[in-house]
Amino acid sequence: MKEVFDLSRFDSYKEDNRREVKKAEGGIPNSLWDTYSAFANCYGGVIILGVKEDKDGGWHTTGLKNATKLKRDFWNIINNYKKVSLNILKEDDVETFLMNDTDDVIMVIWVPIAKREQKPIYINNDLFGGTFRRNWEGDYHCTRFLHLVNGQEIYLIFIFVYTIKSLKILKFRFKWKEVFGLMILQFIEHCVRH
């Protein structure tokens, strides 16, 4: 994962399907969580805070006013299951760097690919509205029946009949032959709640 971003090559990077920059002037931007979900569900990637994208696609640092507080806020939010379904990061996946030429501090968050049994990674306690995928340099909602498994799209067609006491799956058809229990359980729990 560390090969996706090397500080010595900062000036040569542009946003793509593995790199995203955010100014983060007012704290942790809400859009960071969309990107976290998208990277975790697709190919992994790096989110860099304290950096702005120029009109030509290049980057320049804006710096972070209080990187220590921002880092603490980040860890508090990512470990809140009501905001993020699962924290798949380790401590060394989040680092701050001092940019020598400007004295700006940036924060780099390396997001790995979620394991098959961890997917989908979603936000705001909303499996359907909070699951994202990454295409080029954008984060996009997965449709109600499109979720990502191991970087591959899986189309789920469910017809459910449920009562207060029971939930019966009448028919389901998968493009993907293997059904991953955790994802199905999350889907069933969502249907029962709504």
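Residues numbered from 1 in each chain as written. Predicted model: local features only at pLDDT ≥ 70, side-chain atom pairs only at ≥ 80, totals over all residues. Heavy atoms only, no water.

Student: Let's hear about the nonpolar core: which residues, and what values?
Tutor: Formed by 27 residues in total, the largest nonpolar core has its most connected members in W33, Y36, L49, F74 and I109. For this core, the secondary-structure elements that each account for two or more residues are α1 (31-41), β2 (45-49), α2 (67-78) and β6 (105-111). Considering every element that reaches this core, the biggest residue donor is α1, with six residues. Not counting residues within four places of it along the chain, the set of residues in contact with I109 comprises L32, G45, V46, I47, L49, F74, L89, D93 and V94. Grouped together as the second largest cluster of nonpolar side chains are 13 residues, V4, F5, V21 and M99 included. (Core = buried A, V, L, I, M, F, W, Y, C linked by side-chain atoms within 4.5 Å. Buried < 20%, exposed > 50% of the residue type's maximum accessible area, 1.4 Å probe, protein only. Helix = DSSP H or I, 4+ residues; strand = E, 2+ residues; numbered from the N terminus. Contact = heavy atoms within 4.5 Å.)

Student: Quick one: what's the story with the side chain of K119, residue by residue and with numbers?
Tutor: With respect to the helices and strands, the residue K119 is situated in the loop between β6 and β7 (132-135). Lacking a salt bridge, the buried K119 has E117 as its closest oppositely charged neighbour, with an N-O distance of 9.5 Å. Polar side-chain contacts of K119 include one of 3.3 Å to the backbone oxygen of N41. (Lys, Arg positive; Asp, Glu negative; His and termini not counted. Salt bridge = Lys/Arg side-chain N within 4 Å of Asp/Glu carboxyl O. Polar contact = N/O pair within 3.5 Å; in protein donor to acceptor, adjacent residues only side chain to side chain.)

Student: Any chance you could break down the pattern of salt bridges for me, citing the residues and the numbers?
Tutor: Enumeration according to the criterion identifies seven salt bridges in this entry. With its nearest N and O atoms 3.7 Å apart, the salt bridge here joins E25 to K23. Where K90 meets D93, a salt bridge forms, and the shortest distance between an N and an O atom there is 3.8 Å. In this structure K90 comes out as exposed when scored by relative accessible area, which is 53%.

Student: An account of the packing of aromatic side chains is requested, with residue identities and associated values reported.
Tutor: In this structure the tally under the stated criterion is eight aromatic pairs. Between the aromatic rings of F10 and W59, the centroid separation amounts to 5.6 Å while the plane-to-plane angle is 65°, which identifies the pairing as edge-to-face. In this pair, F10 is assigned in the segment before β1 (19-22) and W59 in strand β4 (residues 59-61), connecting sequence segments 49 residues apart. Ring geometry for Y13 and W59: centres 5.9 Å apart, planes at 35°, overall tilted. One end of the pair, Y13, is in the segment before β1; the other, W59, is in strand β4, and 46 residues separate them in sequence. Of the two residues, Y13 and W59, neither departs from the other in class, the shared state being buried. Linked through ring pairs, F5, F10, Y13 and W59 together constitute an aromatic cluster. (Phe/Tyr/Trp six-rings, centres within 6.5 Å; stacked < 30°, edge-to-face > 60°.)

Student: Give me the sheet that holds strand β5 (residues 94-98): which residues, what numbers.
Tutor: If you trace the four strands from one edge of the open sheet to the other, you get β1-β2-β6-β5, paired in mixed fashion. Sheet topology places β1 and β5 at the edges, where each strand pairs with a single neighbour. Each strand axis lies, on average, 20° off the axis of its neighbour in the sheet, ignoring direction. Across five bridges, β5 lies against β6 in antiparallel orientation. Bridging across to β6, T96 finds its partner in M107. Sheet strands in contact with α1 are β1, β2 and β6, and its direction is about 165° off that of β2. Helix-sheet contacts for α2 involve β2, β5 and β6, and the interaxial angle to β5 is about 165°. (Pairing = 2+ DSSP bridges. Axes fitted to C-alpha atoms, helices over the stretch in contact; angles between N-to-C directions.)

Student: Give a description of α1 that names residues and reports values.
Tutor: In terms of burial, α1 is a largely internal element, nine of the eleven residues being buried. Of all the positions in α1, only L32, W33, T35, Y36, S37, A38, F39, A40 and N41 are classed as buried.

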